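# Remarks on the overall topology
Listed here are the chains, written in short residue letters.
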Amino acid sequence: MAGVEAETMRGAGKARRGIPTWLRTVLIVAGVVLAVFMLSYVLIKAKVLQVNQFFLPDAPVGVDVSNHQAKVDMQAMRDQGMQFVYIKATEGASYVDKYFQVNWDSAGEAGLPRGAYHFFSFDTPGADQAQNYIQTVGSLEGGLVPVVDVEWYGDKKENPPAKEDVVRELKAFSDAIEAEYGVKPMVYATDLYDRYLEDDFDDYSRWVRSVFLPVWVYVDDDWHVWQYSDTGHLEGSTGHEKSFDLNVLNPSVAIDDLLVK
């Protein structure tokens, strides 16, 4: 039995020696790289690792807020380096963000360039939504251009509305806003942009969302504002949501370019 065991061990040694050293090294390195890649992917998706901060252009950064942050300390926003703010004003044909006016006034007192955005509803006429925005916001002279936020909500992603309906009502909203303020609204859109907006709204300034990876991974340079994080750590929220959406301008765009004259 001892002799058989020795032969077996020698055979195993020959088998091990049959794998070239360089191949073992390649396999080990490949395994390490794959493990690092998978771990990075998990951390990025969990928003623990935020890579976008390393790819920000040298341009003004800003924040957008809504009732989730409740009353926001706008002076604190400015003290922490924010150079502009967008505040949710309205949604659909009747909803008004209850913290809009206090946050709007606070931003003005802090000397922070301010704009108001509207969350677009697929369920109400666009013209009625525009009137809700206009009546709530009032004059925008000296403020930032209006923004319409178009994204999925409820079960709309699973049961998407017809493209022609979305285009018609969003056009009605946009035309009414342009008639009131003399500028087209900027369009913020998520993954539904290609499906609904690309063909009919490509002459509108665009606010893009890319919170996991740099914006150039997904779109070309045809954008005005990039939302690069939805978990920004800033002091100043009094609501249940303590983090903020953070944004940066395209280097070719200045804050003055976004002002309603």
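The preceding data block contains the structure.
Now for a look at the structure at hand. From a predicted model like this one, the values you see are computed outputs, not experimental measurements. (Residues numbered from 1 in each chain as written. Predicted model: local features only at pLDDT ≥ 70, side-chain atom pairs only at ≥ 80, totals over all residues. Heavy atoms only, no water.)

Evaluated as defined, the whole model comprises 15 aromatic pairs. With a centroid separation of 6.3 Å and an interplanar angle of 75 degrees, the aromatic rings of Phe120 and Phe173 are classed as edge-to-face. On the criterion of sequence distance, the pair formed by Phe120 in the loop between strand S4 (114–119) and helix H5 (126–137) and Phe173 in helix H6 (residues 163–181) is long-range, its members being 53 residues apart. Comparing Phe120 with Phe173, the two get one shared label, buried. The rings of Phe119, Phe120, Phe122, Trp152, Tyr153, Phe173 and Tyr196 are connected pair by pair, giving a single aromatic cluster. Arg206 extends its terminal NZ or CZ atom over the ring of Tyr193, reaching a point 3.6 Å from the ring centre. (Phe/Tyr/Trp six-rings, centres within 6.5 Å; stacked < 30°, edge-to-face > 60°. Helix = DSSP H or I, 4+ residues; strand = E, 2+ residues; numbered from the N terminus. Buried < 20%, exposed > 50% of the residue type's maximum accessible area, 1.4 Å probe, protein only. Lys NZ or Arg CZ within 6 Å of the ring centre and 35° of its normal.)

Our next topic: the side chain of Ser229. Relative to the elements of secondary structure, Ser229 occurs in strand S8 (residues 225–233). Here Ser229 falls in the buried class, since its relative accessible area comes to 3%. At 3.1 Å, the side chain of Ser229 forms a polar contact with the backbone nitrogen of Thr231. (Polar contact = N/O pair within 3.5 Å; in protein donor to acceptor, adjacent residues only side chain to side chain.)

With that settled, the discussion passes to the packing of H5 against H6. Between H5 and H6, whose axes approach to 7 Å, the crossing angle comes to 35 degrees. Along this stretch, H5 crosses H6, giving a crossing that reads as right-handed. Taken together, the residues of H6 that come into contact with H5 (itself represented by Gly126, Ala127, Gln129, Ala130, Tyr133, Ile134 and Val137) are Glu169, Ala172, Phe173, Ala176, Ile177, Glu180 and Tyr181. In the contact of H5 with H6, the residues fall into 10 nonpolar, 2 polar and 2 charged. (Axes fitted to C-alpha atoms, helices over the stretch in contact; angles between N-to-C directions. Left-handed = near helix turned anticlockwise from the far one by under 90°. Contact = heavy atoms within 4.5 Å. Nonpolar A, V, L, I, M, F, W, Y, C, P; charged D, E, K, R; others polar.)

For the rest of this paragraph, the subject is the pattern of salt bridges. Enumeration over the complete set of coordinates arrives at 8 salt bridges. As a salt-bridge pair, Lys157 and Asp191 come within 3.0 Å of each other at their nearest N and O atoms. Here the residue Lys157 occupies a position in the loop between strand S5 (147–150) and H6, and Asp191 occupies one in the loop between strand S6 (186–189) and helix H7 (193–197), the gap between them amounting to 34 residues. One salt bridge in this structure joins Asp230 and Arg209, with 3.2 Å as the shortest N-O distance. Here Asp230 is found in strand S8, whereas its partner Arg209 is found in strand S7 (residues 206–209), with 21 residues between them in sequence. Residue classification places Asp230 among the buried residues on the basis of a relative accessible area of 17%. Connected through salt bridges with shared partners, the residues Asp165, Arg168 and Glu169 form a single ionic network. (Salt bridge = Lys/Arg side-chain N within 4 Å of Asp/Glu carboxyl O.)

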